[in-house]
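Structural characterization, general
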Amino acid sequence: MTTFRVLAVVLVVGGGLGCGDDPPPTSPTSGDDDDSTGVTTTGSSDSSSDSSSTGLDDADASDSTDPDTGPTPMTCGNGQVDAGELCFHDAVGYDVGMVPSDLVLADLQGDGAIDVVTADQGGNGHSILFGGGDGEFMEPAVALAGVLGTRGVAVGHVDGDDTLDLVGANPGSDSVEVYFGDGSGGFADAGPVASPAGPRAVAAVDLDGDGGDDLVVVGEASADVTVHRGDGRGGWLPPEVYPVGPEPYDLVAIDLDDDGDVDVAVVNRGEDTVSILRGDGTGAFAAEERVTVGAGPRGLAAADVDGDGTIDLATANYDADEVGLLRNDGRGGWLSLQAFSVGPTPQAVALVDVTADDVPEMIVVRSSTAELAVYTRDGTEHYDLAGVYQVPLDPLALEVADVDGDSVPDLVMTGGSAHVVGVMLSRP
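Since the model is a prediction, treat every value here as computed from it, not as a measurement.

So, the pattern of salt bridges
Applying the stated criterion across every chain yields a total of 13 salt bridges. Close ionic contact of D257 with R278 constitutes a salt bridge, the shortest N to O distance being 3.3 Å. Here the residue D257 occupies a position in the loop between β21 (248-254) and β22 (263-268), and R278 occupies one in the loop between β23 (273-277) and β24 (289-292), the gap between them amounting to 21 residues. With a relative accessible area of 25%, D257 lands in the partly exposed category. For R278, a relative accessible area of 13% puts it in the buried group. For E271, the salt bridge identified is with R290, shortest N-O distance 2.8 Å. Of this pair, E271 sits in the loop between β22 and β23 while R290 sits in strand β24, placing them 19 residues apart in sequence. Overall, the relative accessible area of 32% leaves E271 in the partly exposed class. The structure contains a network of salt bridges with shared partners spanning R200, E220, E247 and R269.

Side note on the state of the cysteines
One pass over the full model with this rule turns up 1 disulfide. Each sulfur in the disulfide pair C76 and C87 lies 1.9 Å from the other. Here C76 and C87 share a disulfide; its torsion about the S-S bond, -75°, makes the bridge left-handed. With C76 in the loop between β7 (70-71) and β8 (91-95) and C87 in the loop between β7 and β8, this residue pair connects regions lying 11 residues apart in the sequence. Across this residue pair, the class does not change: C76 and C87 are buried.

Observations concerning the sheet that holds strand β16 (residues 187-194)
Spatial ordering of the open sheet is given by β13-β14-β15-β16, a layout of 4 strands whose pairing is antiparallel. Each end of this open sheet is capped by a strand with a single partner; those strands are β13 (152-156) and β16. Direction aside, neighbouring strands of the sheet carry axes that sit 20° apart on average. Pairing of β13 with strand β14 (residues 165-170) involves 5 bridges; the strand directions are antiparallel. For A154, the partnering residue across the bridge sits in β14 and is V167.

Comments concerning the pairing of strand β25 (residues 297-303)
A large share of β25 lies buried, amounting to 6 of its 7 residues. As paired elements, β25 and strand β26 (residues 312-317) share 6 bridges and run antiparallel to each other. Each bridged residue has a counterpart across the sheet, and for P297 the counterpart in β26 is N317.

Topic: the packing of aromatic side chains
Under the definition given, this model contains 4 aromatic pairs. Summarising the aromatic geometry, the rings of Y242 and F285 are spaced 5.6 Å apart at their centres and angled 80° between planes, so their arrangement reads as edge-to-face. Residue Y242 is found in strand β20 (residues 240-243), and its partner F285 is found in the loop between β23 and β24; the two are separated by 43 residues along the sequence. Residue class for Y242 comes out buried when judged on its relative accessible area of 13%. Considering the side-chain rings of F340 and Y383, the 5.1 Å spacing of their centres and the 75° angle between planes classify their relative orientation as edge-to-face. Of this pair, F340 sits in strand β28 (residues 338-341) while Y383 sits in strand β32 (residues 383-390), placing them 43 residues apart in sequence. As far as burial versus exposure is concerned, F340 and Y383 are alike and both buried. Positioned above the aromatic ring of Y249, the side-chain terminus of R200 is 3.5 Å from the ring centre. Over the ring of Y318 we find R298, and its NZ or CZ is 3.6 Å from the ring centre.

Calculation notes
Residues numbered from 1 in each chain as written. Predicted model: local features only at pLDDT ≥ 70, side-chain atom pairs only at ≥ 80, totals over all residues. Heavy atoms only, no water. Salt bridge = Lys/Arg side-chain N within 4 Å of Asp/Glu carboxyl O. Helix = DSSP H or I, 4+ residues; strand = E, 2+ residues; numbered from the N terminus. Buried < 20%, exposed > 50% of the residue type's maximum accessible area, 1.4 Å probe, protein only. Disulfide = S-S within 2.5 Å. Pairing = 2+ DSSP bridges. Axes fitted to C-alpha atoms, helices over the stretch in contact; angles between N-to-C directions. Phe/Tyr/Trp six-rings, centres within 6.5 Å; stacked < 30°, edge-to-face > 60°. Lys NZ or Arg CZ within 6 Å of the ring centre and 35° of its normal.

Pasting the structure below:
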C-alpha cells in the first residue's frame, strides 16, 4: 500500500478544519518522489482565477487563525463529524490492473462490507478488492478477463437471482461482458453482449419495473446509447438504440423529472453538451434533449444540490477547468448553467454531503495534478474551497461510500497512471 499526503486544508463553513493524518498545514506541503507509483507530492495548484464571475470563492488556510484566540481547535478524530467539518485520512493506494479507468463500489460477498471493482483499460479486464468493513482492502484476489481495453464497469441483478452480477464495457470488441455472481465474490463469465461502437460507460438499472436490471451502454464511437432489456434469466431482448451527441463519455441513470421512471443523462465530450433521455417506464426513451455545458465534459454526477427536491446535474468540464452545474427547475427543464472554476483538468465530479451539514459538497479529481479538491456550498449559490488532497497519479474515476462502517462517507478513486485504487477514509 502507498500513502498520499494531504496538500492543503482550509477553514470550512461551520468552523471545522479539514484534516489528514497530521495537523493541517497552513501552506501546501511537498515531499519526495514515490518510485512505486510515479506520484510526486506537490503544492496545491488550484487555478480559480475570477471568483466574482464564477460564484466560487477560494478560502485561504490563514483564515483558520483568529488573531485574538489563535487557531480554531480541530475536532477531527473525536468520533463524530460536526456540521461543516471536513475530516479525511491521507489517501492509501492499493495495486490493481493496468490503467484503471473506472470503478464501482458494492457488497459482492453479502458480508455487509463494501468491495471495489475496477475496469482496467491497460489490463483488459477487472480487478476486485474485497473489503473487510473496516476500510482495509485485500490485494486483488480476483481478476476477470475483459477484451481489448475495458473502460467501464457496473453491478446489478441481471440473471433473476438475489446476487450481484458484473458488467464491463469493452470498446476493442464493441461489446459488454457479463459475469454472473455467486454471492460470495465469485463470478462466471456469461459471455459478451453486442453493443454500440466503442462502448465507454455502462449502467445496470431496472428500466421497465420488472424487478431485473437492464443495461444502458454509451457508445463513444457511434454517438449513441444502446438499451439491452433483460429477460430476467440472464438473456436480452433486441437492443434499442438512441442517438446522442458526439463522443459521449459518461452517464447517470436516475429519475430527473420526478415521474417515477428512470431517465438517462450523458455528457458529450465532442460537443460540450449533455443529452437527456427521458424514460417512459417501459424501458423506452423519448428523443434526446441537449443542453450546453462547459468545454470537454468528461464526468457527470447527479444530486439535489439546492434542497428543492429535484435532481440537479454537475459536469466535470476537463478542457475548461470548470464544473458546470445544471439546476433542475422542477418542471422538467433546467435553469441557466452555472460554471465554477475548480483547477486544472477536472476528470470526475461527485455531489455528496461529507461535512454533515445536509448540503452536498462538490468533490473533484484533477487528473493532471493528481489532486482531489472539496468545495462546500455556502448557503447561496457559491462554493468555497475546503480542502485539497494528494491522490494517486492520474485520477480517472471517483466514487463515494461508507467503506469503514462509521456511517460517514469515504472517497475512492482510480489512479490511472499509478495503476492503483486510492482510498481516503473519513476521520470523524
